[in-house]
Amino acid sequence: MPDGTDIVYAYDGSFEGLMCCVFASYEFKEIPSLIRPPSDQQTLFDTAKWIETDEHKADRVYNSIPMKISSLAQDLVKLGFLTCVPNKELLILHFLRLGFKHGGKVMTMLTDDIVCSLQKAVQHLTSESHKFKGFVRFSVYGEVLVAVIEPKNYVLPLLSPHFCDRYRSERFMIYDKTHRMALIYQSKKAELISVDELTLPEIDSAEVEYRRLWKQFFKTIAIEDRINPRCQRTLMPKRYWGQMTELNEKDEFARWQVAETGTGTRLSGTEVCTRDPLSTYRISN
């Protein structure tokens, strides 16, 4: 079987597209040296082979994982696709090839670099998503709750069930600045959409007061003699602080950019009536 030294796959960046890359690897009896998503730039010397996304082929690969490996391996692959590990596509391909060869015992092959790397990446993903369940800070804009996060991994799919259940009667939006995605929940329906840019309106006096009170509460409950900055940074890393009201060092009240006046906004490419509370925020994609 060719080692794939000069073979590069390019795909549409979807999970189904990655499953089709796995299918193509077996179909053409080759192992690519790189699987490139749309966000990666083509190098000067690679001649990428475009792998078309085919739902039938993707389903064949995905459904074969629990049958030939295990349901745990299927979950690991699904979560692995959400991680920020470099070349995650190639890592998942190699993991699946190992799994199809060794079966369910691949999950216990922790001395293998491929298995170990994928499991560590998924552990980082689940750990980060767990932290954000407590670190997300919403602000009130009219009738909508809005939060901005900057995760390393693509955690929105893991956060969606938690916040949709917790705020089932609310309208809210969580914007992921890192991946330019937004989780929008309204009318008891959740949707993940691509967002290139988000502009929020100026916060009102009530929200300013809420933030002041929250900061005061945070300071009041602290026991001065037991303050441990090192422990705090361990449990709550500084990279989360920028979007946390009580720890934002840049601006005490964290006023975001004021939206320009307009008659409507665009949400997922569709014009939204300004009477919709979510239309207060300019979303462009």
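To start, this report covers the structure provided alongside it. (Residues numbered from 1 in each chain as written. Predicted model: local features only at pLDDT ≥ 70, side-chain atom pairs only at ≥ 80, totals over all residues. Heavy atoms only, no water.)

Overview of the side chain of E246
(1) Moving on: Structurally, E246 is set in the loop between helix 8 (229-235) and strand 10 (265-267).
(2) Moving on: Residue E246 is classed as buried on the basis of its relative accessible area, which comes to 10%.
(3) Moving on: In terms of polar contacts, E246 uses its side chain to reach the side chain of R137, at 2.8 Å.
(4) Moving on: A distance of 2.8 Å separates a polar atom in the side chain of E246 from a polar atom in the side chain of W214.
(5) Moving on: When sequence neighbours within four positions are dropped, the list of residues in contact with E246 reads R137, W214, K215 and F218. (Helix = DSSP H or I, 4+ residues; strand = E, 2+ residues; numbered from the N terminus. Buried < 20%, exposed > 50% of the residue type's maximum accessible area, 1.4 Å probe, protein only. Polar contact = N/O pair within 3.5 Å; in protein donor to acceptor, adjacent residues only side chain to side chain. Contact = heavy atoms within 4.5 Å.)

Quick look at the packing of aromatic side chains
(1) Moving on: Per the counting criterion, the structure on display carries twelve aromatic pairs.
(2) Moving on: An aromatic cluster of at least three residues, connected via ring pairs, comprises F138, F163, Y167, F172 and Y185.
(3) Moving on: The aromatic ring of F81 is capped on one face by K88, whose charged end is 4.8 Å from the ring centroid.
(4) Moving on: Between R97 and the ring centre of Y26, over which it is positioned, the NZ or CZ distance is 4.2 Å. (Phe/Tyr/Trp six-rings, centres within 6.5 Å; stacked < 30°, edge-to-face > 60°. Lys NZ or Arg CZ within 6 Å of the ring centre and 35° of its normal.)

Structural notes on the environment of V85
(1) Moving on: You can see V85 is positioned in the loop between helix 3 (71-80) and helix 4 (88-102).
(2) Moving on: Taking relative accessible area as the criterion, V85 reaches 24% and is therefore assigned partly exposed.
(3) Moving on: For the pair V85 and K152, spaced 67 residues apart in sequence, the C-alpha separation works out to 9.4 Å.
(4) Moving on: Ignoring any residue separated from it by four or fewer positions in sequence, one finds V85 in contact with L91 and A121.

Overview of the environment of V106
(1) Moving on: Position of V106 relative to the elements: it lies in the loop between helix 4 and helix 5 (113-135).
(2) Moving on: Along the backbone, V106 and I69 are 37 residues apart, and their C-alpha atoms lie at a distance of 7.8 Å.
(3) Moving on: When sequence neighbours within four positions are dropped, the list of residues in contact with V106 reads I69, F95, L98, G99 and V115.

Notes on the packing of helix 1 (residues 15-27) against helix 4
Geometrically, a packed helix pair is captured by the angle between its two axes and the distance between the axes.
(1) Moving on: Closest axis-to-axis distance for the helix 1/helix 4 pair is 10 Å, and the angle between their directions is 55 degrees. Between helix 1 and helix 4, the interaxial angle falls into the category oblique. As helix 1 runs across helix 4, the sense of the crossing is right-handed. Contacts between helix 1 and helix 4 pair L18, M19, V22, S25 and Y26 from the former with E89, I92, L93, L96, R97 and F100 from the latter. (Axes fitted to C-alpha atoms, helices over the stretch in contact; angles between N-to-C directions. Parallel < 35°, antiparallel > 145°, perpendicular 65-115°, else oblique. Left-handed = near helix turned anticlockwise from the far one by under 90°.)

Here we look at a negative patch on the surface
(1) Moving on: On the surface, D12, E16, E52, D54, E55 and D59 cluster together into a patch of negative charge.
(2) Moving on: Among the structural elements, D12 can be located in the loop between strand 1 (8-10) and helix 1. (Patch = residues over 30% accessible without salt bridge, like charges linked within 9 Å, V, L, I, M, F, W, Y side chains within 5 Å. Areas by Shrake-Rupley, 256 points an atom, 1.4 Å probe, with all protein chains shown as cover. Salt bridge = Lys/Arg side-chain N within 4 Å of Asp/Glu carboxyl O. Lys, Arg positive; Asp, Glu negative; His and termini not counted. Charge placed at Lys NZ, Arg CZ, Asp CG, Glu CD.)

Topic: the pairing of strand 7 (residues 181-186)
(1) Moving on: With six of its six residues buried, strand 7 lies for the most part within the structure.
(2) Moving on: Covered by surrounding structure in strand 7 are M181, L183 and Y185 together with A182, I184 and Q186, the residues of both alternating faces.
(3) Moving on: Strand direction decides the pairing type here: strand 6 (residues 172-176) and strand 7, joined by five bridges, are antiparallel. Within strand 7, the position partnered with M173 by the bridge is I184.
(4) Moving on: If you look at the hairpin formed by strand 6 and strand 7, you'll find four residues sitting between the two strands, and R180 has a positive phi there, around 55 degrees.
(5) Moving on: Where strand 7 meets strand 8 (residues 189-194), six bridges bridge the pair, whose relative direction is antiparallel. Within strand 8, the position partnered with L183 by the bridge is L192.
(6) Moving on: Following strand 7, the chain reverses through two residues before pairing antiparallel with strand 8; S187 in that reversal takes a positive phi of roughly 55 degrees. (Pairing = 2+ DSSP bridges.)

Read these as spatial facts, not as claims about activity.
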